[in-house]
There are 2 protein chains.
Amino acid sequence: MLKIPHNQVAGHQAGNGKLGPLVDDSGCFYKPLQGDDRGSDEVSFYTSFSLNPRVPDLIRRFFPIFYGTQLVEASDGSGLIAHLVLEDLTLGRVNPSIMDIKIGSRTWPPKASEDYIKKCLNKDRESSSLLLGFRLSGLQFYSSKESGFRKVARKSVRSLSAEEVKLVLKNFVSSNTYTELEPKPDCVFASVVFGGPTGILSQLLELKSWFEDQTMYHFYSVSVHMMYEKQLVSEGKSPRAEIKLIDFAHVDEGKGVIDHNFLGGICSLIKFISEILTTIDDCPTEACLKDTQKIQHFSENGMN
Amino acid sequence: MLKIPHNQVAGHQAGNGKLGPLVDDSGCFYKPLQGDDRGSDEVSFYTSFSLNPRVPDLIRRFFPIFYGTQLVEASDGSGLIAHLVLEDLTLGRVNPSIMDIKIGSRTWPPKASEDYIKKCLNKDRESSSLLLGFRLSGLQFYSSKESGFRKVARKSVRSLSAEEVKLVLKNFVSSNTYTELEPKPDCVFASVVFGGPTGILSQLLELKSWFEDQTMYHFYSVSVHMMYEKQLVSEGKSPRAEIKLIDFAHVDEGKGVIDHNFLGGICSLIKFISEILTTIDDCPTEACLKDTQKIQHFSENGMN
């Protein structure tokens, strides 16, 4: 009963005879173990992390639940291979808008091989990682029942400038996102999705606090997965905006040192999102009034 | 009336016919402009920074005052050359204990030449920069009138492990620092030098707040210069512990992005210092009592 997930925006993807993750109907996400050390390293991380009593529950909720490993028929027809069994993050989501953001200006662990370091360093320098402290690695924005989703491939978003990243983040929380990125996104969902006590900014700040303190793990090439449903927000229902960390094939022991590389990157992302919220707050009479009207409008008429 | 400074712990040093910084009696520090772009880049930074109205006064005090440039007889006898004229940070200090710490896991700006990047990257990987997010670049610890100073050369401290760095930081604030680094430093000065509302931790936290927000400058290869006088502390006088940022030959424009590299490094240093303070707080009956007795003892008997 395994099938190809609908809402995967980055990483290897199954389909057309390729090897990639699968999902079932009960909420499990099956990720094939990568042949080199990466697969077993990710299993090691999840095993260590899931048993670690020093991880607070407030932080654990930012990680997918780990159910173990299982031999499963591979999506490329190559037979039974070992898969990580994780929580399916998009279970129950109808039309989620998603952004995956790889955190850190450096994506390679110090102990990596020279070849791997060279490859990663080149990618970090060519992409926005070095300058911004993070890079976009995939996204899908829901527009409407008619237009469906806007998906953007990894390569076209990973080298954006600061201004372009800000524009993408604004589009993520705007109603006027159609097939092209809108140069004047309305940001009507910013205050509920990014802002508020349970919004994405607040969740990122909790993560940040933990990273200022935890010296157990160093996360290289790990992504923040941000997700919410426009339709629910526009209907005035709980936005259920949430972030998760994903992809743990390159986690090192912290050995008494904080993960300054990840922390710096997450602080940079926080600054971008804070600035978007500040811009909105700056013009309460115009923007907020407009926002409220729009949300009411959507609420009455659906997303059409 | 220019002379060789007594209290310089890192960087090029004058003396024995070599080119290095000089000081005068009026509180000025003369730093010869380095021949390549570094000299003029540092002048550019100081000029821009000193005129920048967006730098809060609370932050400006962490930077040496800039008095301009001046042609001065070089310390190597090569004639008149241009010098940066800066505040002499050790003016009026009798026996300062000093640590210079180069902040950031990456010391090279993205726009640097391939050769320079390669050189810096190697140094970052060989030293503690990559793992800790900073490296020690020089130190002098005052012991007593008899033993004088313990100075440690740059090369021997820049590759320390996390445990070794913690030991050096503890020695910095201990009374029992003699010619060798004491493996059981008493940390009697930790609570006044690192802790308290005006201590070094509090100053680092102010810097951190600014770095979470400022997007004007990216500081590569900049050091935190920490300084206090044991004698004053032991006499119960104001510790006057202070930090300054120094060495601005590799500052880039921030272009709307925070300096995530510097921020990560300063957060890592903050964690080390916080842990030392926590360890002391953990055993108030023993350690603090002992501290108080020792400080009283010093206070009555001087440093001998």
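Here the residue numbering is sequential within each chain, running from 1 through the sequence in written order. Each chain gets a letter, beginning with A, and each ligand a number, beginning with 1, in the order they are written. Totals for whole chains, interfaces and linings use every residue, but because this is a predicted model, local features are given only for residues with pLDDT of at least 70 and side-chain atom pairs only at 80 or more, for both listing and counting. Note that water and hydrogens are dropped before the side-chain values are worked out from all heavy atoms of the structure.

A. Quick peek at the interface of chain B and chain A. The contact criterion used throughout is that any non-hydrogen atoms of two residues lie within 4.5 Å. At the junction of the two partners, chain B supplies 31 residues and chain A supplies 31 residues. Polar contacts, as counted here, are pairs of nitrogen or oxygen atoms within 3.5 Å of one another; within protein the pair requires one atom able to donate a hydrogen and one able to accept it, and residues that are adjacent in sequence qualify only if both atoms are side-chain atoms. Where chain B meets chain A, there are twelve residue pairs in polar contact (both at pLDDT 80 or more). Counting residues per element, the ones that place at least two in the side of chain B that touches chain A are α3 (114–126), α4 (129–132), α8 (200–213) and α10 (260–282) of chain B. Three classes are used, and their members are as follows: Ala, Val, Leu, Ile, Met, Phe, Trp, Tyr, Cys and Pro are nonpolar, Asp, Glu, Lys and Arg are charged, and the others, Gly among them, are polar. Of the residues assigned to the side of chain B that touches chain A, the class counts are 13 nonpolar, ten polar and eight charged. Labels follow the DSSP assignment, with helices taken as runs of H or I lasting at least four residues and strands as runs of E lasting at least two, numbered in each case from the N terminus.

B. Molecular detail of the sheet that holds strand β5 (residues 96–103) of chain A. Residue and element names in this part refer to chain A. The five strands lie next to each other as β7-β6-β5-β9-β10, forming an open sheet whose pairing is antiparallel. Lying at the two open borders of the sheet, with one neighbouring strand each, are β7 (148–152) and β10 (242–246). Along the sheet, successive strands turn relative to each other by an average axial angle of 15°, direction set aside. Strand pairing is assigned whenever DSSP identifies at least 2 bridges connecting the two strands. Relative to strand β9 (residues 223–229), β5 is paired through seven bridges, and the arrangement is antiparallel. For D100, the partnering residue across the bridge sits in β9 and is H225. Axis definition: a line fitted to C-alpha atoms, limited for helices to the stretch in contact. Angles are taken between N-to-C directions and run from 0 to 180 degrees. Each of β5, β6 (134–144) and β9 is contacted by helix α6 (residues 162–172), which is oriented at about 35° to β6, the strand it contacts most.

C. Structural detail: the sheet that holds strand β9 (residues 223–229) of chain B. Residue and element names in this part refer to chain B. Taking strand neighbours across the sheet as the criterion, the five strands line up as β7-β6-β5-β9-β10 in an open arrangement whose pairing is antiparallel. With partners counted over all chains shown, the strands left at the sheet margins are β7 (148–152) and β10 (242–246), one partner each. Averaged over all adjacent pairs, the angle separating strand axes in this sheet is 15°, with direction ignored. By the bridge criterion, five bridges tie strand β6 (residues 134–144) to β7 in an arrangement that is antiparallel. Residue pairing across strands places S144 opposite G148, the latter belonging to β7. Those strands touched by α8 are β9 and β10, and its axis lies near 40° from that of β10.

D. The arrangement of the nonpolar core in detail. To form a nonpolar core, buried Ala, Val, Leu, Ile, Met, Phe, Trp, Tyr and Cys residues must be joined to one another through side-chain atoms within 4.5 Å. Burial classes: relative accessible area under 20% of the type maximum marks a residue as buried, over 50% as exposed, and values in between as partly exposed (1.4 Å probe, protein chains only). By size, the foremost hydrophobic cluster in this structure holds 136 residues, and its most contacted members are F194, F219 and M226 of chain A together with F194, F219 and M226 of chain B. Look past the residues within four positions of F219 of chain B in its chain and what remains in contact with it is F45, F63, W210, F211, Q214, F248, H250, V251, D259 and F262 of chain B. Counting twelve residues, the second-largest nonpolar core is a separate cluster that includes I117 of chain A together with W108, A112 and L121 of chain B.

E. The confidence of the model for chain A, seen in detail. For every residue, the predictor assigns a confidence score, pLDDT, that lies between 0 and 100. Summarising the model, chain A shows a mean pLDDT of 88, and 90% of its residues fall at 70 or more. Confidence drops under a pLDDT of 50 for residues 283–304 of chain A, and excluding neighbours within four residues, the segment shows 27 contacts in the predicted structure.

F. View of the relation of the copies chain B and chain A. Mapping chain B onto chain A calls for a screw motion: a turn of 180° about the axis and a shift of 0.0 Å along it, with 0.0 Å RMSD after fitting. Interpreted geometrically, this transformation is the action of a two-fold axis. The C-alpha atom lying nearest the rotation axis in chain B is that of G264 of chain B; the distance is 2.3 Å. A share of 100% of interface residues in chain B that are also interface residues in chain A marks the association as one of identical surfaces. Superposition of the copies was done by least squares, using only C-alpha atoms of residues whose pLDDT is at least 70 in both.

G. Quick look at the packing of aromatic side chains. Ring geometry is summarised as follows: Phe, Tyr and Trp rings, the Trp one being its six-membered ring, pair when their centres sit within 6.5 Å, and such pairs are stacked at plane angles under 30 degrees, edge-to-face over 60 and tilted between the two. Applying the stated criterion across every chain yields a total of 48 aromatic pairs over all chains. Ring geometry for F141 of chain A versus F172 of chain A: centroids 5.5 Å apart, planes at 50°, classification tilted. Residue F141 of chain A is located in strand β6, and its partner F172 of chain A is located in helix α6; the two are separated by 31 residues in the primary sequence. Like F141 of chain A, the residue F172 of chain A is buried in the burial classification. Measuring from centroid to centroid gives 5.2 Å for F172 of chain B and Y228 of chain B, while their planes differ by 85°, and the two rings are edge-to-face. Of this pair, F172 of chain B sits in helix α6 (residues 162–172) while Y228 of chain B sits in strand β9, placing them 56 residues apart in sequence. Neither residue differs from the other here; F172 of chain B and Y228 of chain B are each classed as buried. Through a chain of ring-to-ring contacts, the aromatic side chains of F45, Y46, F49, F63, F66, W210, F211, Y217, F219, F248 and F262 of chain A assemble into a single cluster. Any Lys NZ or Arg CZ found within 6 Å of a ring centre and within 35 degrees of that ring's normal is scored as a charge over the ring. Lying over the aromatic face of F49 of chain B, R60 of chain B brings its terminal NZ or CZ to 5.1 Å of the ring centre.

H. Structural context of the pattern of salt bridges. Any carboxyl oxygen of Asp or Glu that lies within 4 Å of a side-chain nitrogen of Lys or Arg is treated as forming a salt bridge with it. Evaluation of the coordinates by the stated rule reveals 27 salt bridges over all chains. The closest approach of N and O atoms between K271 of chain B and D213 of chain A, which form a salt bridge, is 2.7 Å. With K271 of chain B in helix α10 and D213 of chain A in helix α8 (residues 200–213), this pair bridges two chains. Classification of D213 of chain A as partly exposed rests on a relative accessible area of 45%. For D25 of chain B, the salt bridge goes to K3 of chain B, with nearest N and O atoms at 2.5 Å. Here K3 of chain B lies in the segment before β1 (22–23) and D25 of chain B lies in the loop between β1 and β2 (28–32), a separation of 22 residues in the sequence. Judged by its relative accessible area of 58%, D25 of chain B falls in the exposed class. One continuous salt-bridge network, built from bridges that share partners, spans K166, K271 and E275 of chain A together with D213 of chain B.

I. Local environment of the side chain of S202 of chain B. Residue and element names in this part refer to chain B. Along the chain, S202 falls in helix α8. Within the structure, the side chain of S202 is placed 2.8 Å from the backbone oxygen of P197, a separation counted as a polar contact. Apart from the residues lying within four places of it in its own chain, the contact partners of S202 are F194, G196 and P197.

J. Fine view of unusual backbone geometry. Phi is positive for C187 of chain A, close to 55°, though the residue is something other than glycine. Relative to the helices and strands, C187 of chain A resides in the loop between α6 and α7 (190–193). Phi is positive for D247 of chain B, close to 75°, though the residue is something other than glycine. Tracing the chain through its elements places D247 of chain B in the loop between β10 and β11 (251–253). Taking relative accessible area as the criterion, D247 of chain B reaches 30% and is therefore assigned partly exposed.

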